[in-house]
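A closer look at the structure
The residues making up each chain are set out below.
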Amino acid sequence: MTDSPKKEVRVRIAPSPTGPLHMGTARTALFNWLFAKNQGGSFVLRIEDTDLERSDPKYEKNIIEGLRWLGLNWDEGPFRQTERLDIYEKYIKKLLEEDRAYYCFCTKEELEAEKQAMLSQGLAPKYSGRCCGNKNPDPNRSSVIRFRIPETEVVFNDLIRGKVKFNTGLIGDIVIAKDLRTPLYNLAVVIDDYEMKISHVIRGEDHISNTPKQIMLQRALGFDEPVYAHLPLILSADRSKLSKRYAETSIADYRNEGYLPEAMVNFLALLGWHPEEDDREVFDSEELTKQFNMKKIQKAGAVFNLEKLDWLNGQYVMRLEPEELIERLEDFIPREWLKDREFLAKVVKTEKERVKKLTDFVKLVGFFFELPDYPANLLIWDKTPKENILDNLQSVLPLAEDFDNANNRIMALAEERGRGEVLWPLRVALSGQTASPGPFDIMGVLGRSESLKRINIAVKKLNE
């Protein structure tokens with residue numbers, strides 16, 4: 001007897017274009033993408049746009065651009081639900097014809113009264129089924145289509161959470177469509193996953209309550225059940241629900257803030273997953289793909305740590321060669337800075353270890369291009385008398401004239417008179433800032449003429 005062929009792995013990300021691509025959806029897309037690549041499978045993009053009132057083409061564009069920026073390129077799609085209405089109609093008619101669905105004419109007021117009556121009796125609120133005999137629509141009355149939920153126990157094996165059980169008797173008959181051509185989420189997703197041969201449904205744990213409803217629909221339609229995996233929620237640092245400040249920040253906003261896509265992918269991958277026997281935290285996409293294993297996804301919530309994202313981004317910035325970093329910086333720096341790319345490359349090489357985000361760059365390196373107007377007291381080290389600082393800077397000037405030997409000679413002076421008393425005012429003279437690279441690094445970028453000019457400006461400030 002031969003083994004049956006292994007089923008092809010096919011996963012999907014199915015965002016609704018009712019808002020921009022956010023952290024949670026991006027993390028879900030990444031986990032699906034990593035699983036598909038690790039298993040040699042396919043990653044499908046489906047746009048769930050049947051909510052015509054809230055869907056907007058600008059959000060679809062934002063989602064697609066965000067996925068591409070992250071490098072999560074899909075193998076098939078994008079498919080749009082609004083282009084598949086004939087398919088939905090076929091299956092809705094099938095459910096109606098087989099008496100697995102019916103038309104419901106209940107008003108909102110009637111449904112609310114029914115709900116309150118059940119709650120007052122200490123019962124879980126669910127639809128009573130009063131319209132279950134209606135097989136045909138009434139042109140004079142508004143209606144929806146409900147699916148008969150059999151009272152049973154639904155059990156499925158979640159790849160992350162193990163065996164999960166639901167008593168469907170607590171659910172009641174659910175609305176699955178507004179009409180024959182307008183399915184709601186639970187029905188549309190079941191039909192789409194079947195038609196697109198999706199093998200694994202990997203999504204957030206907030207969808208667990210939808211799973212038994214979808215399984216009952218799959219059984220009613222004669223569909224195979226996909227394998228389910230429900231990802232942990234993303235939590236704030238105090239392990240509460242992720243605050244709106246970050247939850248509602250779109251991936252495009254992080255991009256505009258100067259985060260690199262490879263850093264964002266690395267960060268998202270570690271939100272709920274950890275590699276096998278590896279304490280590292282910096283992984284490129286190839287390493288993530290190779291190591292990704294569904295068994296290493298945690299059940300508990302994943303904590304969002306902005307400081308960790310900043311640190312990771314800084315690690316990726318440091319890894320970039322100066323020319324590549326300049327290319328990444330082009331949208332974040334003044335255009336005139338790009339005129340002398342050789343000088344800019346020197347600046348980048350000197351400063352990149354201090355850059356956490358690309359938006360930091362202008363503030364950190366602006367002094368290389370234009371010395372800020374700083375107060376004279378900034379040149380004073382600790383409680384050193386102004387006269388001593390002035391004397392030290394005047395002593396540095398002839399040493400800096402001999403630029404090729406300046407570093408060693410100035411360092412010898414600093415060892416003699418005190419490092420702080422010499423190097424602090426020199427660094428401030430060159431940068432006009434309290435925090436900057438060391439004076440010799442700055443001089444190496446500025447060159448002899450500009451360095452001497454700036455030291456002379458400092459001497460003049462102290463004399464005044």
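Residues numbered from 1 in each chain as written. Predicted model: local features only at pLDDT ≥ 70, side-chain atom pairs only at ≥ 80, totals over all residues. Heavy atoms only, no water.

1. Description of the nonpolar core
With 103 residues, the main nonpolar core has L30, L67, M264, F361, F368, L379 and I410 as its most contacted residues. In terms of residues, this core owes the most to one element, helix α18 (residues 439-463), which gives ten residues. Once residues within four sequence positions are removed from consideration, I410 is found in contact with V396, L399, V422, L423, L426, F440 and M443. With 33 residues, the next largest nonpolar core counts Y103, I176, I191 and L217 among its residues. (Core = buried A, V, L, I, M, F, W, Y, C linked by side-chain atoms within 4.5 Å. Buried < 20%, exposed > 50% of the residue type's maximum accessible area, 1.4 Å probe, protein only. Helix = DSSP H or I, 4+ residues; strand = E, 2+ residues; numbered from the N terminus. Contact = heavy atoms within 4.5 Å.)

2. Observations regarding the pattern of salt bridges
Side chains bearing opposite charge may pair, as long as their charged atoms lie close to each other. Inspection of the entire model under this criterion finds 34 salt bridges. The closest approach of N and O atoms between R130 and E114, which form a salt bridge, is 3.4 Å. Of the two residues, R130 sits in the loop between α4 (108-120) and β5 (144-147) while E114 sits in helix α4, which places them 16 residues apart along the sequence. Judged by relative accessible area, which is 47%, R130 ranks as partly exposed. In this structure E114 comes out as buried when scored by relative accessible area, which is 13%. (Salt bridge = Lys/Arg side-chain N within 4 Å of Asp/Glu carboxyl O.)

3. Some remarks on the packing of aromatic side chains
Within this structure, the stated rule accounts for eleven aromatic pairs. Judged by centre distance (3.9 Å) and plane angle (5 degrees), the rings of W337 and F369 are stacked. Of this pair, W337 sits in the loop between α12 (322-329) and α13 (341-351) while F369 is found in helix α14 (residues 361-369), placing the two residues 32 residues apart along the sequence. According to the relative accessible area criterion, W337 is buried, its value standing at 9%. Residue F369 is classed as partly exposed on the basis of its relative accessible area of 27%. Ring pairs connect the aromatic residues F31, W273 and F292, which therefore count as one cluster. The ring of Y316 has R319 sitting right over it, with the charged end atom 5.5 Å from the ring centre. Stacked on the ring of Y374, the Lys or Arg K461 has its end atom at 4.7 Å from the ring centre. (Phe/Tyr/Trp six-rings, centres within 6.5 Å; stacked < 30°, edge-to-face > 60°. Lys NZ or Arg CZ within 6 Å of the ring centre and 35° of its normal.)

4. Some words on the sheet that holds β5
Strand order across the open sheet formed by four strands is β4-β5-β8-β9, with antiparallel pairing between neighbours. Where the open sheet ends on each side, the last strands, each with one partner, are β4 (101-104) and β9 (182-183). For β5 and strand β8 (residues 174-179), the ladder comprises three bridges, and the chain directions are antiparallel. From the neighbouring strand, I145 faces β8, where its bridge partner is A177. (Pairing = 2+ DSSP bridges.)

5. Side note on α12
For α12, the full list of buried residues reads P322, L325, I326 and L329. Along α12, the residues classed as buried sweep out an arc of 105 degrees about the axis, all on the same side. Turning to α12, the residues buried within the fold contact α11 (306-319), α13 and α14. (Arc of directions from axis to C-beta.)

6. Remarks on the side chain of D173
Among the structural elements, D173 can be located in the loop between β7 (162-167) and β8. Buried within the structure, D173 lacks any salt-bridge partner; R148 is the closest side chain of opposite charge, at an N-O distance of 5.2 Å. Engagement of the side chain of D173 in a polar contact is seen with the side chain of Y102, the distance being 2.7 Å. Leaving out residues up to four positions away in the same chain, D173 has contacts with Y102, Y127, G129, R146, F147, R148 and I149. (Lys, Arg positive; Asp, Glu negative; His and termini not counted. Polar contact = N/O pair within 3.5 Å; in protein donor to acceptor, adjacent residues only side chain to side chain.)

7. What to know about the packing of helix α3 (residues 85-97) against helix α5 (residues 185-195)
Running from N to C, α3 and α5 point in directions that differ by 110 degrees, and their axes come no closer than 10 Å. Relative to α5, the element α3 lies roughly perpendicular. In the crossing of α3 with α5, the sense of the turn from one axis to the other is right-handed. Here I87, Y88, K90, Y91, I92 and L95 of α3 lie close against α5, whose contacting residues are L187, A188, I191, D192, Y194 and E195. Here the contact of α3 with α5 is composed, by residue class, of nine nonpolar, no polar and three charged. (Axes fitted to C-alpha atoms, helices over the stretch in contact; angles between N-to-C directions. Parallel < 35°, antiparallel > 145°, perpendicular 65-115°, else oblique. Left-handed = near helix turned anticlockwise from the far one by under 90°. Nonpolar A, V, L, I, M, F, W, Y, C, P; charged D, E, K, R; others polar.)

8. Some points on unusual backbone geometry
With an omega of 5 degrees, the peptide bond running from G77 to P78 counts as cis. Within the secondary structure, P78 is located in strand β3 (residues 76-80). One non-glycine residue, D99, lies in the positive phi region at around 60 degrees.

9. Overview of the sheet that holds β3
Ordered by their spatial adjacency, three strands build an open sheet running β1-β2-β3, and the pairing between neighbours is parallel. Lying at the two open borders of the sheet, with one neighbouring strand each, are β1 (10-13) and β3. Within this sheet the neighbouring strands show an average axis-to-axis angle of 25 degrees, counted without direction. Here β1 pairs with strand β2 (residues 42-47) via four bridges, running parallel. In the strand pairing of β2, V11 is matched with F43.

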